[in-house]
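Examination of the molecular architecture
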Amino acid sequence: MRTTFSATAALLLASCASAVAAQRAPSRTTEGPLPASITSNLPRNARPLHYRIDVHPDAQTLTFTGTESVTLRVYEPADALTLNANELTIASAKLTPLGREGAVVDLRATIDPAAQQVRFAAARTIAPGTYRLDVVYSGKINTQANGLFALDYPDKRTGKTVRSLFTQFEAPDGRRFAPEFDEPAYKATFELSAVVPADQMAISNTPIAKSVSAGAGLKHVYFGETPKMSSYLLFLATGYFDRIAKQAPDGVEAGIVTPAGSGEEGRFALDSMAQILPYYEDYFGQKYPLPKLDNVAGPGQSQFFSAMENWGAIFTFNRELLVDPAITSPLQKQRIYEDQAHEMAHQWFGDLVTMAWWDDIWLNEGFASWMETKATDHFHPEWYPLLGRVDGRERAMELDSFKTTHPVVQPVRTVEEIDQAFDAIAYQKGEAVLAMLEAYAGADTWRDGIRAYIAAHKYGSATTDDLWQAVESAGVPGLTAIAHDFTRQPGIPLVRADVSCAGGRASLSLTQGEFSLDRTKAVAADPQHWRVPLLIEAGEAHPVRTVLDGSALLTLPGCGPVIVNGGQLGYFRTLYSPAMLRQLATAMPHLQPIDQIGLVRDNIALATAGYEPAVPALDLLAAIPADANPRVARNALDQWNGLYGMLQSNDDRAAFAAKLRELWQPRLQALGYEPRADEPPVDANLRATLIATLGNIGDATVLVEARTRFARLAGDPHALDGELKTTWLDIAARNATAKDWQLLKHLAEHTKSPAERATYYELLGAASDKRLARKALALALSGKAGTTSAAIISRVAGANPQLAYDFTIAHRAQVESLIDDSGRSAFYRRLAGSSMDPAMVGKLEALRDSLAADRRKPIDQAIVALEQRLESYPRMRSALHDWLAAG
């Protein structure tokens, strides 16, 4: 037997031991019985201190065996200990007293599948004290991203199918891996070991402490002890991997783990990680506490998530992490940076300090979303990431404007409710509220509060009010009250604005109400109340900061255009008077880019909801200049694209397409169809959006270009390689003939690139032709497309929602087996997302009635959104017709 233990590993483990020792100090949420103020579905009579888990996966049979020793403290006499367990079989369990005499007690395990718990019952009372719970058990390896799961993919070196194993434990799926106190407030240290094939690489949260031969072509890998953390952050991966690494300026080893043969595709992510780490350490005022940080690329995809912030071992699906020169666009490269910045922010906000219960999941996700934008803007302002916050705000408002919305801080109890909490309210509304409050507090004071919060709660758990109190104590009196308005109640404030001018000064009248898409009369009669921070801009004058509490009358210098939500930092909609809108449309070419985007998005939403006629919104959109900031131009094109999708009349579509070509074709001609060396990424992204938009409206030149380029793939599968590959493929796929569809299928079956394979398979579902859409649906159930199967069905729903929905219901069990447990309810909502069929309402209601109560919310959200489209689209079509006719 030969033990391998390198000097580098020794240094890393020494650092790991120091990190673990540094956080031994008691925390109010990690010592003693769990406080009654923290939600839990477990009895509060015990708490874990340390887990030692050893697993032996069998990748071929998709099963694993495990042994576990949990050091725990019992706080009151009990006849049993209850932990979480899901899809595990318990072979034996015993309890051994530690630090005192006492007999070893055999325990009888009873599993409650509905509660996802296991009760270890003793024959006599378990006295308070410290014990070791030893469990022998077995479980299954899933084929979707729940618990320990397998991914099959073509080896890039040989083209042969290989299988790697990974874990995904958020939301609560650590219980599929071992019996655990699988709730976020039950923090403990972990030592993980695994028996794996000797020729494979194994990765976990910490470096390998030792690796010894286990015989029969296997090795036993032991990882170092983790810091105190929540169970959902534990991670294991094993497979044929490459790992590239470099030392960050702070001494932490940054690493990117990829499928074998793809190592260099992780170079951009590696350089980004090493860049971001010290920036976060400075911002948070806390050194990253682990000796290494890996980001592990997994081939495939999920309908629920794209990346996971496991402490020290982030997991990310390939397309969101690796730069494949054959297919990765500049926009995707930017997203890779942003996604990694998001997951890295979690290493502090989520991992070092964790929400006490899932009702505060926004503390993790909203903060990481806000921080990813801040970090990206710090290092890449040329990408204009701050302009993207308007898009995020709008995604949140799409959910928040219906009666089916919920507060940012929402009560959740069941596993299904936890899964549903990962939505645009937690992520994008969370980010929008944080950006608004940072602006209210001031950047430096806000950061001081964040640092105090992290320092006070590190290695422990916290609640939303802990954050507000820390920032308020840093010097922002009154912040908590404002924050409560935006996080404890759902919905969107509506600020009505009117202005009059006399003597060269403007009198601005403001009244606060509530915006809604489906309850306009109800909220007009009885609106909720918010204290709304405003930044009012009037020409060149210094902006006015105020908090609107009901109504206000302000005097401003000059009589020019007034923007109530300057910089678009506020989470509210502004209903301007017609005269104010006319001034803003005239001034539009000279406004700040973020205000150009925000005003257009705000007014299209207001027109769609019926608060104002559509003409002012359309005039604002048309006033975006052809030479606008590239990111503003892309956003404007997205709005034109959405409006085009509302139209049904061929004449209106033709007139609309002509208007769009008149406005934007010159910009494409200036950029050209071919990428240019050293051009700004934002120009490259705009070119792709222009091509896609003109292709969508049926521009003959673009369609011919797409067909010509696509045809070259028949002779050379690399003919389209480059940053515009997915753009041209998407146009070709939507307009595919039967021959085109077969070519896409052939390309999917024969590429060695997991990213290309997933792209080709997904695009098979994009065809508008119903015959081809049916073939794509059948393919999705054939098993050939792997983890892309559900994405094919989702893509079919884009052009053929009724077809995709009916197929899914007819093959419900088979389709649901392709989707992570966490994403099933939301999957149905997405299928109906583009439907305009009134009959779909009844179909969704029938599905909802068949579901358990805690699974119904996504279906209810789909129903109210569809009903709103059925009400608003005819009105918007009529307005578009009149606007086009008026020239």
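Residues numbered from 1 in each chain as written. Predicted model: local features only at pLDDT ≥ 70, side-chain atom pairs only at ≥ 80, totals over all residues. Heavy atoms only, no water.

**Comments concerning empty space enclosed by the protein**
For the structure shown, the criterion picks out five cavities of 30 Å³ or more. Volume-wise, the largest cavity comes out at about 80 Å³. As for the largest cavity, its lining consists of Asp152, Tyr153, Pro154, Pro299, Gly300, Pro754, Arg757, Ala758, Ala785, Gly786, Thr787 and Thr788. Listed by contribution, the elements that provide at least two residues to the lining of the largest cavity are strand E9 (147–154) and helix H21 (754–763). For the lining of the largest cavity, a count of residues per class yields six nonpolar, four polar and two charged. (1 Å grid on protein atoms, 1.4 Å probe; cavity = no way out; pocket = protein on both sides within 12 Å on 5 of 7 lines; lining within 4 Å. Points joined across faces, edges and corners; volume = space filled by probe spheres on them. Helix = DSSP H or I, 4+ residues; strand = E, 2+ residues; numbered from the N terminus. Nonpolar A, V, L, I, M, F, W, Y, C, P; charged D, E, K, R; others polar.)

**Observations regarding the sheet that holds strand E25 (residues 532–538)**
Strand order in the open sheet formed by three strands is E26-E25-E28, with antiparallel pairing between adjacent strands. With partners counted over all chains shown, the strands left at the sheet margins are strand E26 (544–548) and strand E28 (562–563), one partner each. For E25 and E28, the ladder comprises two bridges, and the chain directions are antiparallel. Looking at the pairing, alanine 538 lines up with valine 562 of E28. (Pairing = 2+ DSSP bridges.)

**Quick notes on the sheet that holds strand E6 (residues 108–112)**
Sheets are built from strands paired through backbone hydrogen bonds, the pairs being either parallel or antiparallel. With antiparallel pairing, the three strands of this open sheet are ordered in space as E3-E7-E6. If you trace the sheet from one side to the other, it starts and ends with strand E3 (78–84) and E6, each paired once. When strand polarity is set aside, the average angle formed by the axes of neighbouring strands in this sheet is 25°. (Axes fitted to C-alpha atoms, helices over the stretch in contact; angles between N-to-C directions.)

**A few points about the pattern of salt bridges**
Evaluation of the coordinates by the stated rule reveals 45 salt bridges. Across the salt bridge formed by lysine 374 and glutamate 438, the nearest N and O atoms sit 2.9 Å from each other. With lysine 374 in helix H4 (residues 361–379) and glutamate 438 in helix H7 (residues 424–441), this pair connects stretches of sequence that are 64 residues apart. Residues lysine 374 and glutamate 438 agree in their burial class; the two are buried. Taken together, the shared-partner salt bridges connect Arg319, Asp730, Arg734, Glu762 and Arg795 into one network. (Salt bridge = Lys/Arg side-chain N within 4 Å of Asp/Glu carboxyl O. Buried < 20%, exposed > 50% of the residue type's maximum accessible area, 1.4 Å probe, protein only.)

**A short note on the nonpolar core**
Grouped together as the largest cluster of nonpolar side chains are 282 residues, with contacts concentrated most on Ile53, Tyr280, Phe284, Trp446 and Leu510. If one sorts the elements of this core by residue count, helix H28 (residues 857–885) sits on top with twelve residues. Apart from residues no more than four positions distant in its own chain, isoleucine 53 is found in contact with Thr67, Glu68, Tyr137, Phe177, Ala178, Glu180, Phe190, Glu191, Leu192, Ser193 and Leu234. (Core = buried A, V, L, I, M, F, W, Y, C linked by side-chain atoms within 4.5 Å. Contact = heavy atoms within 4.5 Å.)

**Comments concerning the packing of aromatic side chains**
Throughout the structure, instances matching the rule amount to 40 aromatic pairs. Aromatic side chains tyrosine 279 and tyrosine 280 sit 5.9 Å apart centroid to centroid with 40° between the ring planes, which places their arrangement in the tilted category. You'll find tyrosine 279 and tyrosine 280 in the same group, each marked buried. Members of the aromatic cluster, each reached through a chain of ring pairs, are Tyr279, Tyr280, Tyr283, Phe284, Tyr288, Trp348, Phe349, Phe367, Trp370, Phe379, Trp446 and Tyr453. For lysine 210, the ring lying beneath its charged end belongs to tyrosine 222, and the centroid distance is 4.8 Å. (Phe/Tyr/Trp six-rings, centres within 6.5 Å; stacked < 30°, edge-to-face > 60°. Lys NZ or Arg CZ within 6 Å of the ring centre and 35° of its normal.)

**Quick look at the side chain of lysine 219**
Structurally, lysine 219 can be placed in strand E14 (residues 218–223). This buried residue, lysine 219, is left without a salt bridge; aspartate 199 holds the nearest opposite charge, at 7.4 Å. At a separation of 2.6 Å, a polar atom in the side chain of lysine 219 contacts the main-chain carbonyl oxygen of glutamine 200. Not counting residues up to four positions away in its chain, the partners in contact with lysine 219 are Ala194, Val195, Val196, Pro197, Ala198, Gln200, Ser211, Val212, Ser213 and Ala214. (Lys, Arg positive; Asp, Glu negative; His and termini not counted. Polar contact = N/O pair within 3.5 Å; in protein donor to acceptor, adjacent residues only side chain to side chain.)

**A word on the packing of helix H5 (residues 388–400) against helix H13 (residues 593–609)**
With their axes 9 Å apart at the nearest point, H5 and H13 run at an angle of 20° to one another. Judged on the interaxial angle alone, H13 and H5 are roughly parallel. As H5 runs across H13, the sense of the crossing is right-handed. Across the interface between the two elements, Val390, Asp391, Arg393 and Glu394 from H5 touch Ile594, Ile597, Gly598, Arg601 and Asp602 from H13. Grouping the constituent residues of the contact of H5 with H13 by class yields three nonpolar, one polar and five charged. (Parallel < 35°, antiparallel > 145°, perpendicular 65-115°, else oblique. Left-handed = near helix turned anticlockwise from the far one by under 90°.)

**Observations regarding the environment of aspartate 242**
Secondary-structure assignment places aspartate 242 in strand E16 (residues 241–247). On the basis of relative accessible area, aspartate 242 is assigned to the partly exposed category, the value being 27%. Between the C-alpha atoms of aspartate 242 and histidine 342, which are 100 residues apart in sequence, the distance is 23 Å. Beyond its immediate sequence surroundings of up to four residues, aspartate 242 is in contact with Met201, Ile256, Val257, Thr258, Pro259, Ala260, Gly261, Ser262 and Gly263.

**Quick notes on helix H2 (residues 267–284)**
With 18 residues, H2 should reach 26 Å at 1.5 Å per residue; the first-to-last C-alpha distance of 26 Å fits that figure. Those residues of H2 that sit buried are Ala269, Leu270, Ser272, Met273, Ala274, Ile276, Leu277, Tyr279, Tyr280, Glu281, Tyr283 and Phe284. Count one or two residues on from H2 and you reach glycine 285, which has phi positive near 70°. (Expected span 1.5 Å × (residues − 1).)

**Topic: the confidence of the model for the protein**
The share of residues in the protein with pLDDT of 70 or more is 97%, and the mean pLDDT across the chain is 93. For the stretch residues 1–28, pLDDT sits under 50, and the model shows 43 contacts to residues farther than four places along the chain or on other chains. (pLDDT = per-residue confidence, 0-100.)

**Some thoughts on the pairing of strand E17 (residues 253–259)**
With respect to burial, E17 is a largely interior element, seven of its seven residues being buried. Bridge count between E16 and E17: seven bridges; the pairing is antiparallel. In the sheet register, arginine 243 faces E17, and the bridge partner there is valine 257. Bridge count for E17 against strand E18 (residues 292–298) is five bridges, and the pairing is parallel. Paired with glutamate 253 across the two strands is lysine 292, which belongs to E18.

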